[in-house]
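Residues per chain, in single letters:
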Amino acid sequence: MCGIIGFVGHEDAKKYLIDGLQTLEYRGYDSSGISVYTEQGIQTMKTVGKVSDLKKLVAENPEITGNCGIGHTRWATHGGVTATNAHPHTAGRITLIHNGIIENYQELQDELAAKGRVPISQTDSEIAALLFDSLYDNDPEEAILAGVAKIKGSYGFLILFEDQPDVIYAIRQGSPLVAANTPKGSIIASDMVALVSYTKQFFVLNENHLAKITPDEIIVKNAQGHVYGPTIQHITWDIGAAQKGGYDYFMMKEIKEQPTALHNTIAPRIVNDLPDFSADHVPDDIFKDVKNIIITACGTAMHAGLIGRNMVERLARIPVTVEIASEFRYQNPLVDENTLLISISQSGETADTLAAVKLAKERGAKTLSVVNVKGSSIARESDHVLYTHAGPEIAVASTKAYSVQLSVMYLIAMKLTLLNQTKTEEEIQALVREFVKVPELVEEALDFDNLAESVANSLVKAEDIFFVGRGLDYALSCEGSLKLKEISYIHSEAYAAGELKHGTISLITDNVPVIALATQPDVFAKVISNVEEVRSRGARVILLTNEDSSVKPGLCDHQILLPKIHPLFTPFVSVIFLQYIAYYVSVKKGLNVDQPRNLAKSVTVE
């Protein structure tokens, strides 16, 4: 989950490294560091804190100058947050940075200690540096390949060798690396946001392929040691999409970008008022002869899967299970050739989700991924992929990525309905015509800004907040609760409203905030009864209803009337208010909205 970058070219590397690390800081912000190949050899500067702290340190050492270097911003996995544990790590003739987790680091550490090679940090990454140095005999590629053969786990390595000036070596397993050669030099990083200021052309380094990066070219060898030309891909957005654009935080900018992201994701996939994936090269055959569907994902993406399950079962009448990816792998899942596994991941690099896809394929399942990043590991591993078109999402708390994931799950549900003939083509067309209105209605929901800020004032000092709903509203409540807790640090839980009487209601006391969603006509009266139950026990209630819903006076402290929308599509507008609530509570608590403690954007380790 760390951010890594390397530059070798015809200009001072420091600027490229620092600028790149600032764009990658959402991947980790515990500590950071750079190593530069100078006339005096490789020199390293690193510090605890933000990249801005490193930038000051670099400015104080202008004499450390060179055209080749590597940089790292850390999200701690092994070892505490200290300057010693910060990357880069040097061992003998090797200096490296690492994204990932080395699972057998203790075994390797014991083996190296027996040879007198002892780490000074608490990190698994330094063990890799010691290992490569122990294997180095003037052939960098041979040392790297021998080293990774002994490593178990995930890694993205950028490596400098003391006696190999102006060369960076790179190899990965699991953790992503993208690279490009430009007129100013070659650049490689863990995310394309670090490249987009310099080029729109890039390639993804394949797993266990070795890259030798020099100022004028990048030489890539496959697992058999053969040089080949990697597939060049094109970035479809510019650096402005990865900048705040005048907003205080990326999260607010990304909330506001949802109408555009939804339009870009939905519109190309509607033909004659029907869902159509032909432009994505996803054949209808992948949806045929499917007896069960498994949706696997983590965190926010899993919550999108919960709504996807509801829609597929409701419309297409196919049984669906939603599995947390980290659990799916280890429960000997029931998967066969009649299973369609749908994986959802914003980054396309989520380690547990990637492993779930590989397991499903091994057992004969069809695999379809819903991801935002072209060429990502999950996209490449899956049989087929439906890309969302959210553009870069920088804030750790996902907003627009969630909405576009929802939109793709709705499209899949309607496609399955069409193929299974559980509704007529005319009925599906009528539903699609309502669906294409969603971006416009989300634009209308963005006007909840001031109202949400006002409501947030009453939540700032809360110690516990509960979300309740039924059906689609319960699935959305799970996401609303996660958003709130991850950036405001307030304990929050989502409960199916019908379960209140089965134990949960014991948690309701005077002035405990309850955010209740009651947008589904078929269960509206039941949810209102549940609201009565919590209200009678002293809860402060924030109630989200459809525009034409009426409730008796005094039932709630705040009633949020949603824009007029087909009930099946209310999650798209409801979530806007919930995202605003999380945002404003966090802001009013004086917290860093974009970089919540202990979290990073892309979870590329287990």
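See the structure above.
First, a word on what this report is: a plain description of the structure on this page. (Residues numbered from 1 in each chain as written. Predicted model: local features only at pLDDT ≥ 70, side-chain atom pairs only at ≥ 80, totals over all residues. Heavy atoms only, no water.)

1. Regarding the pattern of salt bridges
At step 1: A complete count under the given rule lists 21 salt bridges for this structure.
At step 2: The shortest N-O distance in the salt bridge between glutamate 486 and lysine 483 comes to 2.9 Å. Highlighted residues: glutamate 486 and lysine 483, both in helix α16 (residues 472-488), separated by 3 residues, approximately one helical turn.
At step 3: You can call lysine 483 buried: its relative accessible area is 1%.
At step 4: In the salt-bridge network here, residues are joined through shared partners; they are Arg93, Arg117 and Asp133. (Salt bridge = Lys/Arg side-chain N within 4 Å of Asp/Glu carboxyl O. Helix = DSSP H or I, 4+ residues; strand = E, 2+ residues; numbered from the N terminus. Buried < 20%, exposed > 50% of the residue type's maximum accessible area, 1.4 Å probe, protein only.)

2. Points about empty space enclosed by the protein
At step 1: Taken as a whole and assessed by the stated rule, the structure comprises 2 cavities of 30 Å³ or more.
At step 2: Space inside the largest cavity adds up to approximately 70 Å³.
At step 3: As for the largest cavity, its lining consists of 13 residues, of which Cys2, Thr77, His87, Gly100 and Ser125 are closest to the centre.
At step 4: Looking at the lining of the largest cavity, the element that brings in the most residues is strand β6 (residues 94-102), giving 3 residues.
At step 5: The class makeup of the residues in the lining of the largest cavity is 2 nonpolar, 9 polar and 2 charged. (1 Å grid on protein atoms, 1.4 Å probe; cavity = no way out; pocket = protein on both sides within 12 Å on 5 of 7 lines; lining within 4 Å. Points joined across faces, edges and corners; volume = space filled by probe spheres on them. Nonpolar A, V, L, I, M, F, W, Y, C, P; charged D, E, K, R; others polar.)

3. A closer look at the sheet that holds strand β13 (residues 218-221)
At step 1: Read from one edge of the open sheet, 7 strands run β5-β6-β7-β8-β12-β13-β14, paired in antiparallel fashion. The open sheet has two edge strands, β5 (89-91) and β14 (227-228), and neither has a second partner.
At step 2: Where strand β12 (residues 210-213) meets β13, 4 bridges bridge the pair, whose relative direction is antiparallel. From the neighbouring strand, alanine 211 faces β13, where its bridge partner is valine 220. (Pairing = 2+ DSSP bridges.)

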